[in-house]
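Single-letter residue listing:
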Amino acid sequence: MRVITFGTFDVFHVGHLNILERAREMGDHLTVGVSSDALNFDKKGRLPIYLQMDRLRLVEALGCVDEVFIEDSLELKERYIIDHRADILVMGNDWQGKFDQFEAICQVCYLPRTPSISTTETIEVIKNR
Ligand code: C2G
């Protein structure tokens, strides 16, 4: 089974690692779409701390990740799922229900987020030190 997931993975933390490891356990091949800097700017109104090529390299270096690519647009998700021949789309449950339309082409699974950690909170903690 081929698994696909998407994310920004900015200021990489253990919540990111947990979801990638759990996603990989759901199949035998994990592809990760790493959101581009431009997509992030559109979504969140700010650029990530780490550049897209560095975020991509950090994710690619993980033992649980088989393949990576840059996700340029949310509208291309169906194309990415088909092109990467994914059987399962995995996302954290902050996205619950948001990708149900892809059930027509693959299994869609939302995993519980790791509590008490996020990139935004980590940036705030560092700022306030
Ligand atoms: N995550 C998690 N636990 C946390 C923080 C994040 O399980 N404490 C998960 C999110 O649910 C997501 C993945 O880690 O599935 C990546 O999180 P982000 O980098 O915040 O990704 P996001 O900006 O939501 O991008 O096309 C969809 C987007 O690319 C998702």
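Throughout, a residue's number is its position along its own chain's written sequence, starting from 1. Predicted model: local features are reported for residues with pLDDT of at least 70 only, side-chain atom pairs are reported and counted for 80 or more only, and whole-chain, interface and lining totals are derived from all residues. The side-chain values count all of the structure's non-hydrogen atoms but skip hydrogen atoms and water molecules.

## Quick notes on the overall build of the protein
Okay, so step 1: Counting its regular elements, the protein contains five helices and five strands.
Okay, so step 2: Secondary structure elements follow DSSP: runs of H or I no shorter than four residues count as helices, runs of E no shorter than two count as strands, and numbering proceeds from the N terminus. For the protein, the α and β elements follow one another from N to C terminus as β-α-β-α-α-β-α-β-β-α.
Okay, so step 3: Throughout, the radius of gyration refers to the C-alpha atoms, and the reference size of a globule is 2.2 Å times the residue count to the power 0.38. Taking 14 Å as the expected radius of gyration for a compact globule of 129 residues, we find that the protein reaches 14 Å, a close match to that expectation.
Okay, so step 4: Judged by the C-alpha coordinates and their principal axes, the protein covers about 45 × 30 × 25 Å.
Okay, so step 5: Relative accessibility under 20% of the residue-type maximum defines a buried residue, over 50% an exposed one, and the middle range a partly exposed one, all with a 1.4 Å probe and only protein chains included. A burial count over the protein gives 46% of its 129 residues as buried.
Okay, so step 6: We call two residues contacting when some pair of their heavy atoms lies within 4.5 Å. Looking at the protein alone, contacts between residues at least 24 apart form 63% of all its contacts between residues at least 6 apart.
Okay, so step 7: For every accessible area listed, the method is Shrake-Rupley and the probe measures 1.4 Å; residues are considered covered only by the protein chains on display. Summed over all atoms, the accessible surface of the protein reaches about 7200 Å², with 53% contributed by carbon and sulfur.
Okay, so step 8: Neither His nor the chain ends is counted toward charge; the positive residues are Lys and Arg and the negative residues Asp and Glu. Every charge is mapped to an atom, namely NZ of Lys, CZ of Arg, CG of Asp or CD of Glu. Computing the positive centroid from 15 side-chain charges and the negative centroid from 21, the protein places the two 4 Å apart.

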